[in-house]
Amino acid sequence: MKKTGFLLFLLMFIVMMVSVQDRAAAASSAEKGNIPIILDGNELQVPSGAQVTNMNGSVMVPFRVIGENLGFDVKWDQKSQKILINKDKKAIELVVNQKNATVNGKKVDLDNPPQLQKDSVIVPMRFVSEQMGLHVNWDSGSKAVYLTSDGEPSKKETDAGGKDKDKSVTSPSEKKPGQSGSKSADPAAKPDSSSTPPAAAGNALVGGISFSENRLMVASQGGSVTPKVFKMSGPDRIVVDLPNTAFSPDFLSGNAAGVGNQSQLDVGGYPDVKSIRYSLFSSNPATVRIVIDLNNPKDYSVYNDPSGLLVVDLNAAEGEPGTPGEPGTPPVSHDGKKVVVIDAGHGDHDPGTIGYSKTKEKDFNLAVALKVGRLLENEPDIDYVLTRSDDTFVELAERARIANDLNADVFVSIHANSAGSKASGSETYYQRDASKALANVMHKYLVKATGLPDRNVKYGNFHVIRETKMPAVLLEVGYLSNPKDEAVLFSESVQDAVAQGIVSGIKEYLGVQ
């Protein structure tokens, strides 16, 4: 079994309620043209005579096309130049060239008056969003209008939007298996039911997506998830659908998301994987889709832990335990190896302490953690996990949960301190008596590696060393508020020495030669 170097980010979610006027400004260069309208992931078929148009700083969209796809009854009165729209208890009346509309008998001002394009009336996007319950995004990069409904997705599903696969998770050939409108009926697109581990239905929030050692890891909370994992070809990819699941607010607040809450992981150095993309594929029911773009066909195994950790492992060979034929089997067998979790404190919007020269603690923590990981790669009797391997944010509870779920033998959290320009030295914290022996060993190597004053082993009631179930320590390597300590901590040679000291301390404590 290959050495495991997992990583979990906590990447986070913010629902994008976009001001249409701001987006319209970004669209000012699009005077008139074939601009796609993407509704709930599906590109609407717009008649050639009815186009998305920029008018006086407002993006105007064909109201009939959108209304009909949302199930509204839309009628056009040629004589009075009126368009009448009805659905349930909502009645809307628009008049060409009149700068207000009537909604359930009340007048509503418009940014621009409706205009007639052949047999279609175009209206401002703001009005569409307010009256039809849509979230509206203008993507200046792809010059497309993206609409996400609060209700049922369009029943008149045509080709999916997102024509540039590198910018959109949902490409035309990646619609759900059996969904109408797919351009190619690919038998490989059918879900492999054997790769769908059982789990109780329920609403869940994705709090983290990461990829390390050829394994996709997804952390969720708030409910069990029953993933649907399947292969697709032309090009080769693995699709992971998480029904009744959305992104947590924390996830996207810490990660740049594109139109439709689409983004991708920064993946490099994996010969099998070209890219990993994710998006909120559907809003009703909420469905998160993750696509692993492959350079070649690849088998995989799936492990769905009830605690909320989903792993899609690309390392499994056909017939190996944990392949899709055996859902629920953990993807990693430690084979008697010791399991170590290395935690780089802080990350992304949480920089930790700011140093004397404006350095950031999160950068130091990550640099040392990555060095520790590279050293542990060479230890045949140790498997290791990084809680993060990039500038991402992971909740404290999630850091502890990673270690507990893996039943780790040791947890080490890496930090730097701050307490004024004169404070100096290294210190090691433990919270439980069971962790004190580990703290003593780790501190011995830490002080030797830094050459800074010995501030001793101390008790500390920190979440990550309190809530973990195995021996756990938190290292305060030095004081970034002290210019001399700061220079030492950001020295490459000292970071190398600290990383080696951490590995040596772990090996001594675990009795690994």
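Above this text is the structure in question.
Since the model is a prediction, treat every value here as computed from it, not as a measurement.

Calculation rules
- Each chain carries its own residue numbering, running from 1 in the direction its sequence is written.
- Given that the model is predicted, a residue must reach a pLDDT of at least 70 before its local features are reported, and side-chain atom pairs must reach 80 or more before they are shown or counted; all residues, however, enter totals for whole chains, interfaces and linings.
- Note that the side-chain values use all heavy atoms of the structure and ignore hydrogens as well as water.
- Helix and strand definitions follow DSSP, with helices as H or I runs of at least four residues and strands as E runs of at least two, each counted in order from the N terminus.
- Throughout this description, buried means an accessible area under 20% of the type-specific maximum (1.4 Å probe, protein chains only), exposed means over 50%, and partly exposed covers the range between.
- What makes two residues a contact is simply this: any of their non-hydrogen atoms within 4.5 Å.
- Accessible areas in this description were obtained via Shrake-Rupley with a 1.4 Å probe; residue shielding takes into account the shown protein chains only.
- Note on aromatic contacts: the rings of Phe and Tyr and the six-membered ring of Trp form a pair at centre separations within 6.5 Å, being stacked when their planes are under 30 degrees apart, edge-to-face when over 60 apart, and tilted otherwise.
- Two strands make a pair as long as DSSP finds a minimum of two bridges between them.
- In this analysis an axis means a line fitted to C-alpha atoms, helices contributing only their contacting stretch, and an angle means the value between N-to-C directions, from 0 to 180 degrees.

Here the focus is the overall build of the protein. Counting its secondary structure elements, the protein contains ten helices and 31 strands. Looking at the protein as a whole, 54% of its 513 residues are labelled buried. If you take every contact in the protein between residues at least 6 apart in sequence, the share linking residues at least 24 apart comes to 68%. Within the structure as shown, the protein displays about 21,100 Å² of accessible surface, and the carbon and sulfur contribution to it stands at 49%.

A separate point is the packing of aromatic side chains. The way to describe two aromatic rings as a pair is by their centre distance and the angle between their planes. If you walk through the whole model with that rule in mind, you get five aromatic pairs. Ring geometry for phenylalanine 211 against tyrosine 270: centres 5.0 Å apart, planes inclined by 80°, an arrangement best described as edge-to-face. With a gap of 59 residues between them, phenylalanine 211 in strand β16 (residues 204–212) and tyrosine 270 in the loop between β21 (263–265) and β22 (273–283) connect regions that are remote in the sequence.

The five strands lie next to each other as β7-β8-β9-β10-β11, forming an open sheet whose pairing is antiparallel. In this open sheet, the two edge strands, each paired with only one partner strand, are β7 (73–77) and β11 (106–109). Going from strand to strand, the sheet's axes swing by 20° on average, the running direction of each strand aside. Direction of pairing for strand β10 (residues 100–103) relative to β11: antiparallel, over a ladder of four bridges. When the sheet's bridge partners are listed, threonine 102 is paired in β11 with lysine 107.

Turning next to the environment of leucine 84. As for its position among the elements, leucine 84 is in strand β8 (residues 82–87). Leucine 84 gets classed as partly exposed once you look at its relative accessible area, which sits at 31%. In sequence terms leucine 84 and threonine 102 are 18 residues apart; their C-alpha atoms lie 9.7 Å from each other.

Take the sheet that holds strand β17 (residues 215–221) next. The strand order β20-β16-β17-β25-β24 describes an open sheet built from five strands, whose pairing is mixed. One side of each edge strand has no neighbouring strand; the edge strands of this open sheet are β20 (245–247) and β24 (301–304). Recorded for the sheet is a direction-independent mean angle of 30° between the axes of neighbouring strands. Alignment of β17 against strand β25 (residues 309–313), held across five bridges, turns out to be antiparallel. When the sheet's bridge partners are listed, valine 218 is paired in β25 with leucine 310.

An α-helical segment advances 3.6 residues per turn. Residues three or four places apart therefore align on the same side. Restricting attention to buried positions, one finds in helix α6 (residues 396–405) the residues Glu398, Arg399, Ala400, Arg401, Ile402 and Ala403. Each element contacted by the buried residues of α6 is listed here: β17, β26 (338–344), β27 (382–386), β28 (410–417) and α8 (463–466). Among the residues trailing α6, asparagine 407 stands out with phi positive, at a value near 50°.

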